Amino acid sequence: MKLSDDGDDGVNMVCRTVEEEDVIERYLAGRLSTNEAEAFEQHYLECQKCFADLQLQHATAIELTYRPVHSLHLHRKPWALSLQWAAATVAVLLLVAGVLYLRPHEKTQVPAQQIAAAQRPSAAVLEQLAAVDQIPSYIPGLIRGGETNPALIKFQEGMTLYSAGKYADALAPLKQAEGLDSLQSLPIPFYLGIAYLVSGDPQEAIAQFSKVPRENAYSEEAHWYLSKAYLKSRNFSSARTELQTVESLHGAHSAAAHDILQQIKNY
Ligand SMILES: [Zn+2]
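I will try to describe carefully the structure that is included in this document. Note that residues are indexed from 1 along each chain, following the sequence as it is written. Residues qualify for local features only when their pLDDT is at least 70, as the model is predicted, and side-chain atom pairs are given and counted only at 80 or more; totals for whole chains, interfaces and linings, by contrast, use all residues. Note that water and hydrogens are dropped before the side-chain values are worked out from all heavy atoms of the structure.

**Describing the overall build of the protein**
Numbered from the N terminus, helices here are DSSP runs of H or I no shorter than four residues, and strands are runs of E no shorter than two. In terms of regular secondary structure, the protein is built from 14 helices and two strands. Looking at the 267 residues of the protein, the share that counts as buried comes to 39%. Within the protein, contacts between residues at least 6 apart in sequence are counted, and of these 60% link residues at least 24 apart. Using a 1.4 Å probe, the Shrake-Rupley method yields the accessible areas, and only the shown protein chains count as cover for residues. As displayed, the protein has an accessible area near 15100 Å², and 55% of this comes from carbon and sulfur atoms. Throughout this description, buried means an accessible area under 20% of the type-specific maximum (1.4 Å probe, protein chains only), exposed means over 50%, and partly exposed covers the range between. Here, two residues are considered to be in contact whenever any of their heavy atoms come within 4.5 Å of each other.

**Considerations on unusual backbone geometry**
Glycine aside, residues mostly have negative phi, and peptide bonds are mostly found in the trans state. With a phi angle near 50°, Gln 184 is a residue other than glycine that sits in the positive phi range. With respect to the helices, strands and loops of the structure, Gln 184 is situated in the loop between helix H9 (167-180) and helix H10 (188-198). In this structure Gln 184 comes out as exposed when scored by relative accessible area, which is 70%.

**Structural notes on the coordination of the zinc ion**
With distances of 2.0 to 2.3 Å, the protein atoms coordinating the zinc ion are Cys 15 (SG), His 43 (NE2), Cys 47 (SG) and Cys 50 (SG). Here the term donor refers to an N, O or S atom within 2.8 Å of the metal (or 3.2 Å for Na, K and Ca), and because water is left out of the atoms, sites may appear incomplete. Geometry assignment treats four donors as tetrahedral when all angles are between 85 and 135 degrees, treats four as square planar and six as octahedral when opposite donors are over 155 degrees apart and all others between 65 and 115, and treats everything else as irregular. Angles of 101 to 120° at the metal separate the four donor atoms of the zinc ion, which places the site in the tetrahedral class. Donor residues for the zinc ion sit on one chain with the sequence pattern C-x27-H-x3-C-x2-C. With a relative accessible area of 13%, Cys 47 lands in the buried category.

**Considerations on helix H7 (residues 123-130)**
Listed in full, the buried residues belonging to H7 are Leu 126, Leu 129 and Ala 130. Summarising the axial view, the buried residues of H7 lie within an arc of 90°, below the 170-degree limit, and thus occupy one face. Set apart from the buried face of H7 by more than 90 degrees, the exposed residues are Ala 124 and Glu 127. Buried residues along H7 sit in contact with helix H12 (219-232), helix H13 (236-248) and helix H14 (254-264). Taken from the helix axis, the directions to the C-beta atoms give the arc we talk about.

**Remarks on the nonpolar core**
When a protein is soluble and globular, its nonpolar side chains tend to lie buried together. Here, nonpolar core means buried Ala, Val, Leu, Ile, Met, Phe, Trp, Tyr and Cys residues that are tied together by side-chain atoms lying within 4.5 Å of each other. Ranked by size, the top nonpolar core spans 46 residues in total, and within it Phe 155, Tyr 162, Phe 190, Tyr 191, Phe 209, Tyr 225 and Leu 231 carry the most contacts. At the level of secondary structure, the elements contributing two or more residues to this core comprise H7, helix H8 (150-163), H9, H10, helix H11 (202-209), H12, H13 and H14. Here the element with the most residues in this core is H10; it accounts for eight residues. Formed by 13 residues, the second largest nonpolar core is a distinct cluster that contains Leu 32, Phe 40, Tyr 44 and Cys 50.

Rendered as structure tokens:
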């Protein structure tokens, strides 16, 4: 494979090479040689098109690398985790079945209270709907070159903490990175939003997710987590708007968005 231009320096990489030789895909998969990776990094730092493509493909990769939030500090085997999730799913289904089964009986006893209950979600149900049980992981080292870019240095500092599950600790460096990233070239609002959401600050999460541009590679994810932040804030009409957007985008969260919309339609 030839990653260099025809020039003598051997580190230039042209967009055409990136495209024709699936460089981004192989970069994200860690299948480039050190020299090739360095050549590509040098290229995308200067090339807006390739940087945008890299962000887009990284965001797509995010879909495939979700991890359950509770498993971060547990050292369980994947199958044990699957069983745990299966058990949790069964428990939820049983709970829903139980509620559906009990409802007609309760209705005949206390109709007024039952009507009120149908309009107001129980705290437990709401907590479940708003739960962030999967958080997007970050591929460390995706955006390198932090030696010279102060925003990138802070971003990487924050994302190292984020990747270690220290979301509250990641807030300060990510906020600093946001202030330094005047060109808004880094996906800071998205990850900062996640960090706020997981740290229990849905209002700040809403502010951050709202900054993710509509055409951004992270926008579908941003709408999804924005809906979670609105659910946590008991703002059902805004949650509905976000969930409808997610559903219409037919992405990874479309079915889940549809389910939640059905459950909150009377709230
Ligand atoms: Zn390029």
